[in-house]
Amino acid sequence: MSRNLSLVGRASEGPAVRLVEVDKWYGHFQVLHGVSLDVPRGSRVVICGPSGSGKSTLIRCVNRLEAHQRGLISVNGVELTEQTGRIDRIRGDVGMVFQHFNLFPHLTVLENCTLAQRWVRKRPRQEAEAIAMAFLERVKIPEKSGSYPGQLSGGQQQRVAIARALCMNPSIMLFDEPTSALDPEMVKEVLDTMVRLADDGMTMICVTHEMGFARQVASEVVFMDEGKIIERNAPDTLFSSPSHERTKRFLSNLL
Ligand code: ADP
Ligand code: MG
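Remember, it's a predicted structure, so these values are computed and weren't measured experimentally. (Residues numbered from 1 in each chain as written. Chains lettered and ligands numbered in written order. Predicted model: local features only at pLDDT ≥ 70, side-chain atom pairs only at ≥ 80, totals over all residues. Heavy atoms only, no water.)

> Looking at this structure, how should I read the pattern of salt bridges?
Any two side chains of opposite charge can pair, so long as their charged atoms come close to each other. Evaluated as defined, the whole model comprises 13 salt bridges. Between D38 and R18 there is a salt bridge, with the nearest N and O atoms lying 2.8 Å from each other. Within this pair, whereas D38 is found in strand β2 (residues 29–39), its partner R18 is found in strand β1 (residues 17–26), the two being separated by 20 residues in sequence. The shortest N-O distance in the salt bridge between K24 and E66 comes to 3.6 Å. Of the two residues, K24 is situated in strand β1 and E66 in the loop between α2 (55–62) and β4 (70–75); the sequence distance between them amounts to 42 residues. Residue classification places K24 among the buried residues on the basis of a relative accessible area of 3%. Through salt bridges with shared partners, a single network forms among K24, R60 and E66. (Salt bridge = Lys/Arg side-chain N within 4 Å of Asp/Glu carboxyl O. Helix = DSSP H or I, 4+ residues; strand = E, 2+ residues; numbered from the N terminus. Buried < 20%, exposed > 50% of the residue type's maximum accessible area, 1.4 Å probe, protein only.)

Pasting the structure below:
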């Protein structure tokens, strides 16, 4: 059991995630241009940039919800190729949290958290439920285990989505604007959950415009525009003295 509750993933050599000169097209439209990024194990990379700049596409390529056409992406040392066996292995290592929670509305919170454990991890019901309850405790919402998503606030639903991802024991967590669909008073509870996850040493790639969060936890902030990484730096440096005009303009619009 303690193994299943561990937050810090399996050790392997090299960065947790590596992108080298990744290009991606949707039809004739090139959405990613030569994107290179190393995410060291235990680090937290925050990606920001204007709408349409390719942030979601980039992280969706990391768990192969989208395929890239050129360059290399590896996760825990395993290169993403067409081989589906590899993709299943990667998916098991990578948890994802979306803007719109994506919980199953007809399942209770507990069932949302046990479904993949039982069918993908083949855990017996009792074990899956015990793990789910432990992670619901961790996101501070165990009392809602019998509720349906529609009975929860947005912030509570997002914390369930985080718990659900953690139940699969990912070594890397991807967040795609996890707070941007939330009412302002609920943003903090979700960010607090993410900060605790960072403090526990989880490797994280977060697309977010929450600059306070970035300052608090990011090892590196990456600014993207038009499918390219324009600049990257430690949060304090990037926010206080961005090198590029586009970054300056973007950051000044956030304030
Ligand atoms: P961001 O997350 O930074 O807002 P996205 O990665 O969602 O950006 O989108 C980048 C660009 O790719 C946008 O111009 C968007 O319209 C386009 N795009 C995203 N998904 C698709 C898709 N499935 N098919 C075609 N174009 C897409
Ligand atoms: Mg997006």
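> How should I be thinking about the site of ligand 1 in this particular structure?
Taken together, Y26, F29, V31, P50, S51, G52, S53, G54, K55, S56 and T57 are the residues near ligand 1. Backbone polar atom of G52 to an oxygen atom of ligand 1: 2.7 Å apart, as the coordinates give it. G54 is positioned such that a nitrogen or oxygen atom in its backbone is 3.0 Å from an oxygen atom of ligand 1. The fraction of the free accessible surface of ligand 1 (560 Å²) that becomes covered by protein chains is 58%. Its residues assigned to classes, the shell around ligand 1 shows four nonpolar, six polar and one charged. (Near = heavy atom within 4 Å. Polar contact = N/O pair within 3.5 Å; in protein donor to acceptor, adjacent residues only side chain to side chain. Areas by Shrake-Rupley, 256 points an atom, 1.4 Å probe, with all protein chains shown as cover. Nonpolar A, V, L, I, M, F, W, Y, C, P; charged D, E, K, R; others polar.)

> Sorry, what's going on with helix α7 (residues 184–199) here?
Think of an α-helix as turning once every 3.6 residues; residues three or four places apart then point the same way. The end-to-end C-alpha distance of α7, which contains 16 residues, comes to 23 Å, matching closely the 22 Å that a straight helix rising 1.5 Å per residue would cover. All of the buried residues in α7 are M186, V187, V190, L191, T193, M194, V195, L197 and A198. For α7, the elements touching its buried residues are β3 (44–48), α6 (154–166), β7 (172–176), β8 (203–207) and α8 (211–217). Phi for G201, located one or two positions after α7, is positive at around 95 degrees. (Expected span 1.5 Å × (residues − 1). Contact = heavy atoms within 4.5 Å.)

> When you look at the pairing of β2 in this model, what are you seeing that I'm missing?
Successive residues of a regular strand alternate their side chains across the two faces of the sheet. Where β1 lies against β2, seven bridges are found, and the strand directions are antiparallel. Bridge pairing in β2 links V17 to V39. Remark: two residues form the turn of the hairpin made by β1 and β2, two consecutive strands paired antiparallel; G27 in that turn has positive phi of roughly 60 degrees. (Pairing = 2+ DSSP bridges.)

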